[in-house]
Every structure is written in structure tokens, then in C-alpha cells.
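Structure assessment
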Amino acid sequence: MNTEALLAIHEETCAAAREIMRRKNSDYTGGSEATDALANFKASLSLNLHPVTGLLLRVQDKIMRIRSFVADGELRVMNESVEDACDDIVNYAILCKALLREEAENKNKE
């Protein structure tokens with residue numbers, strides 16, 4: 001694969017991931033009236049887990065799904081493709097970055 005092909009995949013993936021995040025964010029944060037786009041991950045505090053730790057557990061699920069596909073050559077649950085799992089990992093990385101930025105900003109306000 002050459003650089004242009006790689007960058008085309010990058011552009012396609014980022015566009016797809018952004019659309020997925022736009023669509024899913026309302027579902028995972030309390031609906032259209034919600035004001036905290038990160039509320040779903042902050043809910044892990046109720047289990048005494050840092051929000052980033054909760055997020056990383058979800059990333060681990062995606063990694064295991066990809067690992068299963070690589071090992072078996074297929075997925076038994078067809079509602080999410082391997083490419084969907086990769087797009088979700090991109091979104092989780094962005095969400096992690098957002099959580100960490102927000103945490104740093106809140107510490108700076110103290």
C-alpha cells in the first residue's frame with residue numbers, strides 16, 4: 001500500500017468515525033436534552049472506576065472482537081463488522097483524549 005492509499009483510508013475512517021460519534025452520542029449520554037457528551041463514561045465512577053478506565057474496558061472489547069476475527073476469519077455476531085470495531089476504537093481514542101483534557105482543565109480551575 002502506498003502513502004496515498006493509506007491517507008485515503010485515514011480520511012474515510014475519520015469521516016465514518018465522526019458520523020458514528022455524532023449519531024451515537026445522543027443515545028449514550030441521555031438523549032437530545034443531555035449537556036455532557038462524556039456522561040456515559042463518567043458513569044463508571046459509580047463503580048469506583050476512573051472514566052478512562054471504563055472507556056479502556058470498552059476498547060478491550062473491540063480489540064477482542066478484532067482478535068477473534070483474525071483468529072477465526074469470521075464473526076459470529078453480524079451486527080458489527082471488523083471495520084466498525086476499528087472505527088469505534090478511533091472514537092474511543094478521541095473520547096479518551098476529551099476526558100483527559102476535561103480533567104486537566106478542571107484541575108487547573110481548582
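In what follows, the accompanying structure is described. (Residues numbered from 1 in each chain as written. Predicted model: local features only at pLDDT ≥ 70, side-chain atom pairs only at ≥ 80, totals over all residues. Heavy atoms only, no water.)

Attention shifts here to the nonpolar core. Listed in full, the 9 residues of the largest apolar core are Leu38, Phe41, Val52, Leu55, Val59, Tyr92, Leu95, Cys96 and Leu99. Of all the elements, helix α4 (residues 82-109) adds the most residues to this core, at 4 residues. (Core = buried A, V, L, I, M, F, W, Y, C linked by side-chain atoms within 4.5 Å. Buried < 20%, exposed > 50% of the residue type's maximum accessible area, 1.4 Å probe, protein only. Helix = DSSP H or I, 4+ residues; strand = E, 2+ residues; numbered from the N terminus.)

A few words on the state of the cysteines. Here the structure, examined in full by the defined rule, presents 0 disulfides. You can see cysteine 14 has no disulfide; the closest cysteine sulfur is in cysteine 86, sitting 13 Å from it. A disulfide-free cysteine, cysteine 96 has its sulfur positioned 16 Å from the sulfur of cysteine 14, the nearest such atom. (Disulfide = S-S within 2.5 Å.)

A few words now on the side chain of glutamate 80. Inspection of the secondary structure puts glutamate 80 in the loop between α3 (51-72) and α4. Using a relative accessible area of 14% as the deciding quantity, one classes glutamate 80 as buried. In terms of polar contacts, glutamate 80 uses its side chain to reach the side chain of lysine 62, at 2.8 Å. Excluding residues within four positions of it along the chain, glutamate 80 makes contact with Lys62, Arg65, Leu75, Ala85 and Asp88. (Polar contact = N/O pair within 3.5 Å; in protein donor to acceptor, adjacent residues only side chain to side chain. Contact = heavy atoms within 4.5 Å.)

This part covers α3. A turn of α-helix holds 3.6 residues, and therefore any two residues three or four places apart point the same way. Compared with the 32 Å implied by 1.5 Å per residue over 22 residues, the 32 Å span of α3 between its first and last C-alpha is a close match. Burial in α3 covers these residues: Pro51, Val52, Gly54, Leu55, Val59, Lys62, Arg65 and Ile66. Those residues of α3 that are buried lie in contact with α2 (39-42) and α4. Within two residues after α3, glycine 73 carries a phi angle of roughly 80°, on the positive side. (Expected span 1.5 Å × (residues − 1).)

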